[in-house]
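A closer look at the structure
So the chains spell out like this:
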Number of protein chains: 2
Amino acid sequence: MPAFSRFTQLAESLPATVPFVGPETQERARGAEFAARLGANESGFGPAPSVIAAIAAAAELSWRYCDPENHDLRMALSAHLGLPPEAIVVGEGIDGLLGLVVRLIVERDTPVVTSLGAYPTFNFHVVGHGGRLVTAPYLDDREDLNALIDLAERETAPLVYVSNPDNPTGSCAHADSIVALARALPATTMLVLDEAYCEMAPQDSVPAIGDLAGMPNVIRFRTFSKVYGLAGLRVGYAFGDPDTMSRFHRVRNHFGVTRIGQVAALAALADQDWLTSVIGRVARARDRLSDIARANGLVPLVSAANFVAMDCGDDQRARAILSGLVGHGVFIRMPGVAPLNRLIRVSTGPDAELDVFSDRLSEVVATIDS
Amino acid sequence: MPAFSRFTQLAESLPATVPFVGPETQERARGAEFAARLGANESGFGPAPSVIAAIAAAAELSWRYCDPENHDLRMALSAHLGLPPEAIVVGEGIDGLLGLVVRLIVERDTPVVTSLGAYPTFNFHVVGHGGRLVTAPYLDDREDLNALIDLAERETAPLVYVSNPDNPTGSCAHADSIVALARALPATTMLVLDEAYCEMAPQDSVPAIGDLAGMPNVIRFRTFSKVYGLAGLRVGYAFGDPDTMSRFHRVRNHFGVTRIGQVAALAALADQDWLTSVIGRVARARDRLSDIARANGLVPLVSAANFVAMDCGDDQRARAILSGLVGHGVFIRMPGVAPLNRLIRVSTGPDAELDVFSDRLSEVVATIDS
């Protein structure tokens, strides 16, 4: 029989590419597990023991759908952030929430502004909804905020994406610059401020809640996937003006967050001692990764996140190092476009994994240079 | 500041309604938990002990993103169904997968055919993507398959929804009727066949895999939320022609299924003894619910699913009984539109919960009749 012919024109036009290939796919291709899993900015320090216990205790009630209002978690986040619960929407990770905000704002040919080489999953959503990506290149390995403002104005774009700290470079802007960006954007441009890594950043890089709270065209996105160590459970949240946030409820999958995810996130938020401890371990691992980079002739970029981007000099060398590491059991990633593609990106993790990275990097660099 | 003005026209047009209010919302309003939770067709028999153990064991690796290919689960489903893995897509419950198929096919004013009073979440997705619902009334508390075919032809609709067994009535069609439906529909109409409850139905109501496998315009949807007792973990799957199924990958949230959900579903699929035991318990609970209905002057409908719809005579009486039960700590639901709104729908569950239902129903009916 002939293929089904009634997919939308947009659906038919979409490429079959995916934002990321998972490490498991590479493991299946290699026929062996990675010895170090440092490519997805996960937290190898794991979730708190209190969270692991909460997950185990919640297992037997997995037969229940989640509370579609995510009430308890939203109330806890409300207290944590000092915002009314109506300002907060919980969703299936930042990825899921980005998909929703794109769906609410983007249709065929809508211009959307981001940095060239920034988060691919955001771009996947934009393309998936027919939007047109308009990009500003990175400037000195930072997002060029002024260029993003200019592009948003020139294109009359209703949506602009900024991450702070930035992924994949690890750089961060000062809080004042982010507030200035938000104020400089037209009221008709929504700022998607992705703060997935903000807990691990210098606190003067994170705008105070009140500094952006009154703006209907700003939504901030945070997650339990990074510092809280719950990437596999898909719980993120977004907050902003209550009227703006109310739109998510019209399109979100109301029962989409898992019940165990809600329980785990609530427990994670309550265990701020673990948070503090992980932040310290991330900082130490960043220092060690930077030392390892330097010892192997790479230049580590200063990072405000749970990974370190390492400058390999040029894209060919970066690709060779990445390929060598992956071939030797170390999962890392690298940005795909210039000028970022001279970098490899290595996530923080426990010392045992950094030991593996250090050893294999030395071998790979020696091989390449021989 | 004024509200953000650049949401799409479609987003602005959407109602703020939600498909379902969760029992937790009602519990917060009542100030007390329900004594019996029989409203969402969850499996109060729970997941298998082997699955609970698998979830607990997987908790500490929650820091890892899931395998975005859902490889292990798809391979297990492939063996289970006798289909190539390319024919199967795993997603965030049937709800999530329905959202994707709607997104792939529906745009502004696309006609979509379903039964009047069938699954509200499907309708939520259709409306959310700008589609136009075209409905056939139920006929003798069954989906009127011939009317659905006629509507699909008359409207040149690219999408038609059928559930077998049906929710909310519990009725089922014979497998031959479903196959005949699929063959009668134009090749330009996609049949969404929702089989969420099929494991608990008479097996002659479930078309053999091969009977529909060759058709690019048929997608079957199944879930771990019902008989497997994992509603809270959001794992469903869809299968059909590989070319058709490949379209999901262009729009799905690749990392959207939780890692624990993958582990749990894999364990659940492996524990077919538990499946058999739950199927038996569901059947016995259906019988008991039917007896309780009759003992209280209600007429139970024959059910192929894990719930029993009970005919209260008219909508006013059904609403009064539902309201009385909810007020007395029993969570159940009822369909919202005629002629189904003379029914209440009660999920199967352990005897202790059915005891509560039985007691409270007698009290409520006595109060209404006094």
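Residues numbered from 1 in each chain as written. Chains lettered and ligands numbered in written order. Predicted model: local features only at pLDDT ≥ 70, side-chain atom pairs only at ≥ 80, totals over all residues.

All names here are of chain B. With respect to the element layout, leucine 325 can be found in helix H13 (residues 315-327). Residue leucine 325 is classed as buried on the basis of its 26 C-beta neighbours within 10 Å. Sequence separation between leucine 325 and phenylalanine 357 is 32 residues; the distance between their C-alpha atoms is 8.0 Å. Contacts of leucine 325, omitting those with residues within four sequence positions, involve Val330, Ile332, Arg360, Leu361 and Val364. (Helix = DSSP H or I, 4+ residues; strand = E, 2+ residues; numbered from the N terminus. Buried ≥ 20, exposed ≤ 12 C-beta atoms within 10 Å, placed from the backbone. Contact = placed C-beta atoms within 7 Å.)

Among the nonpolar cores identified, the biggest contains 256 residues, and Val160, Val192 and Ala264 of chain A together with Val160, Val192 and Ala264 of chain B are the most heavily contacted of them. If sequence neighbours within four positions are ignored, valine 160 of chain B has contacts with Val113, Leu148, Ala152, Leu185, Thr189, Leu191 and Val192 of chain B. (Core = buried A, V, L, I, M, F, W, Y, C linked by C-beta atoms within 7 Å.)

Quick look at the sheet that holds strand S9 (residues 299-300) of chain A now. Residue and element names in this part refer to chain A. In space, the 3 strands of this open sheet follow the order S9-S10-S12, with antiparallel pairing throughout. This sheet does not close on itself; its edge strands, each paired only once, are S9 and strand S12 (343-347). Taken together, the 5 bridges between strand S10 (residues 307-311) and S12 define a ladder with antiparallel strand orientation. Directly across from alanine 309, in S12, lies its bridge partner arginine 345. (Pairing = 2+ DSSP bridges.)

Related by rotation about an axis and a shift along that axis, the two copies of the chain form a pair. For the pair chain A and chain B, the relating rotation is 180°, the translation along its axis is 0.0 Å, and the fit reaches an RMSD of 0.0 Å. The superposition of one copy onto the other is thereby described by a two-fold rotation axis. In terms of proximity to the rotation axis, the leading residue of chain A is alanine 56 of chain A, whose C-alpha is 2.1 Å off the axis. Looking at chain A, 100% of its interface residues are interface residues in chain B too, so the copies touch through the same face. (Least-squares fit on C-alpha atoms with pLDDT ≥ 70 in both.)

This next bit is on the packing of helix H3 (residues 49-58) of chain A against helix H11 (residues 259-270) of chain A. All names here are of chain A. It is at 9 Å that the axes of H3 and H11 come closest, and there the two elements cross at 150°. With respect to each other, H3 and H11 are oriented roughly antiparallel. Between H3 and H11 the crossing geometry is right-handed. Where H3 abuts H11, its residues Ser50, Val51, Ala54, Ile55 and Ala58 lie against Arg259, Ile260, Val263, Ala264, Ala267 and Ala268. (Axes fitted to C-alpha atoms, helices over the stretch in contact; angles between N-to-C directions. Parallel < 35°, antiparallel > 145°, perpendicular 65-115°, else oblique. Left-handed = near helix turned anticlockwise from the far one by under 90°.)

On to the environment of alanine 309 of chain A. Residue and element names in this part refer to chain A. Tracing the backbone shows alanine 309 in strand S10. Residue classification places alanine 309 among the buried positions, given that 29 C-beta atoms sit within 10 Å. For the pair formed by alanine 309 and leucine 98, sequence separation is 211 residues and the distance between their alpha carbons is 24 Å.

A separate point is the domain arrangement of chain A. Residue and element names in this part refer to chain A. When its domains are assigned, chain A resolves into domain 1 (19-46 + 273-369) and domain 2 (49-270). For domain 1 and domain 2, the distance between their C-alpha centres works out to 25 Å. If you list the elements that add at least two residues to the side of domain 1 that touches domain 2, you get helix H12 (272-295), S10 and S12. Examining the composition of the side of domain 1 that touches domain 2, we find that 4 residues originate from one element, H12, more than from any other. Split into classes, the residues belonging to the side of domain 1 that touches domain 2 amount to 19 nonpolar, 5 polar and 2 charged. (Domains from an automatic or database assignment. Nonpolar A, V, L, I, M, F, W, Y, C, P; charged D, E, K, R; others polar.)

Residue and element names in this part refer to chain B. For the peptide bond that leads from asparagine 164 to proline 165, omega is 0°, which places it in the cis range. Secondary-structure assignment places proline 165 in the loop between strand S5 (159-163) and helix H8 (175-184). In the segment running from asparagine 167 into proline 168, the intervening peptide bond is cis, with an omega of 25°. Summarising the element assignment, proline 168 is placed in the loop between S5 and H8. The phi torsion at asparagine 41 lies on the positive side, around 55°, for a residue other than glycine. In this structure, threonine 156 takes a positive phi of about 50° despite not being glycine. Relative to the assigned elements, threonine 156 resides in the loop between helix H7 (145-155) and S5.

Attention now goes to the interface of chain A and chain B. Taken together, the contact between chain A and chain B spans 76 residues of the former and 76 residues of the latter. For the side of chain A that touches chain B, the elements supplying multiple residues, two or more each, are helix H2 (23-30), H3, helix H5 (93-105), helix H10 (242-246) and H11 of chain A. Residues belonging to the side of chain A that touches chain B are distributed by class as follows: 36 nonpolar, 24 polar and 16 charged.

Turning our attention to the pairing of strand S10 (residues 307-311) of chain B. All names here are of chain B. Burial analysis of S10 places 4 of its 5 residues in the buried class, which makes it a mostly covered element. Alignment of strand S9 (residues 299-300) against S10, held across 2 bridges, turns out to be antiparallel. Its bridge partner lying in S10, valine 299 is registered against aspartate 311.

Side-chain direction in a regular strand flips from residue to residue, so the side chains alternate between the two faces of the sheet. All names here are of chain B. The element strand S7 (residues 218-223) is largely enclosed, with a buried count of 6 among its 6 residues. What you see with S7 is no split at all: Val218, Arg220 and Arg222 on one side and Ile219, Phe221 and Thr223 on the other are buried throughout. Note that strand S6 (residues 190-194) and S7 share 4 bridges and pair parallel. Counterpart to aspartate 194 in the pairing with S7 is phenylalanine 221. Across 5 bridges, S7 lies against strand S8 (residues 236-240) in antiparallel orientation. Paired with isoleucine 219 across the two strands is glycine 240, which belongs to S8.

Below, the discussion takes up H7 of chain B. Residue and element names in this part refer to chain B. Considered for burial, the residues of H7 that qualify are Leu145, Leu148, Leu151 and Ala152. Burial along H7 is one-sided: seen end-on, the buried residues are contained in an arc of 120°. Just downstream of H7 lies threonine 156, where phi reads positive at about 50°. (Arc of directions from axis to C-beta.)

On to the confidence of the model for chain A. The predicted coordinates of low-pLDDT regions are not to be read in fine detail. Mean pLDDT over chain A works out to 97, with 100% of the residues at or above the 70 mark. Confidence metrics for the complex model read pTM 0.97 and ipTM 0.97. (pLDDT = per-residue confidence, 0-100.)

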